[in-house]
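This is what each chain is made of:
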Amino acid sequence: MVKEAVWVEVSDDSSCLVYRSWYTLNMKRGVVIVALTLVGVLILWGRYEDRFHPGEFFVEHRVPFFSQAPTGNWSGLFQNACEEAAILMVAAVRQFPYLTPFDVEKKLTDMVRYEEKQGIGPSMTLASTQKLLRDLHGVESEMIERPTVDLMKHYLQYRLLVIPASGVVLANPQFRRPLPVYHMLVIIGYDDATGEFIVNDPGTRFGKSYRYAYEVVMHAMHDWTGSQATILKGEKRMLVAPL
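Below is a summary of the structure that appears in this document. In this numbering scheme, every chain counts its residues from 1 along its sequence in written order. This being a predicted model, a pLDDT of at least 70 is required before a residue's local features are given, and a value of 80 or more before pairs of side-chain atoms are given or counted; all residues contribute to the totals for chains, interfaces and linings. Calculation of side-chain values draws on the structure's entire complement of heavy atoms; hydrogens and water are dropped beforehand.

Brief notes about unusual backbone geometry
- With an omega dihedral of 5°, the bond running from Gly121 to Pro122 counts as a cis peptide bond.
- Within the secondary structure layout, Pro122 lies in the loop between helix H3 (101-118) and helix H4 (126-137).
- Cis geometry marks the peptide bond from Arg177 to Pro178; its omega dihedral reads 0°.
- Residue position: Pro178 is located in the loop between helix H6 (167-170) and strand S4 (182-191).
- Notably, Arg146 is not glycine yet its phi reads approximately 45°, a positive angle.
- We count a stretch as a helix when DSSP gives it H or I for four or more residues in a row; a strand needs E for two or more, and each element gets its number in order from the N terminus. Checked against the element boundaries, Arg146 lands in the loop between strand S2 (142-145) and helix H5 (149-155).
- Residue classification places Arg146 among the exposed residues on the basis of a relative accessible area of 60%. Working definition: with a 1.4 Å probe on protein chains only, accessible area under 20% of the residue-type maximum means buried, over 50% means exposed, and in between means partly exposed.

What follows is the structure, encoded as structure tokens:
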């Protein structure tokens, strides 16, 4: 293989032949480098394409979905484990995206036992949720008061949202009856074409990429007040969490 130009003064033809071989070799190297660069770009784009759909009107991030009753057991602590499931989904994006239902069940149980020792629960304010997300999983988040739809869509370009809500107002037909008075879910995107937020709703096994109309989410958004009777008087706030 010729690695550099060698000018051989034998004849015009032979010297030209050596030069052409060197030129061809380097052209091939250049084509290979360009091709590898393009492949790298395509691979990186493929990683983000599933989480961010370019365009002004539609965003959906890839976030692991966990039901609050991952093995189908809705009794006991799993009746009220929506906050823990929301925490786990946010943390799982970076820490443990691949969990079996039994893994999820154990992690939810461990969180509830920890909360009981701290005197928290069974229903949690968004501030308590934020603290547990930080203390148990090292995930920092920002609390936003009285968010608007436009502000939520702004953050959803590169963030996740955790919101507390009235399950009665959400009225998801997949919820078990009676409807949960207090609930928590993770917003993973939005679709302006249909006027809907895209969420991971832990209150049903069909909650992955579930959709709620903008107005339904805004009406349902209420933080825990300490009483089921006053849930609709709870403050409207959300957590902004990293991807």
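Back to the text.
Quick word on the environment of Gln157
- Counting through the fold element by element, Gln157 comes out in the loop between H5 and strand S3 (159-166).
- Since its relative accessible area comes to 19%, Gln157 is described here as buried.
- When the C-alpha atoms of Gln157 and His61 are compared, they prove to be 8.8 Å apart, with 96 residues separating the residues in sequence.
- Two N or O atoms count as a polar contact when they lie within 3.5 Å, although within protein this holds only if one can serve as hydrogen donor and the other as acceptor, and sequence-adjacent residues are included solely when both atoms are side-chain atoms. One polar contact links Gln157 to Tyr190, side chain to side chain, over a distance of 2.7 Å.

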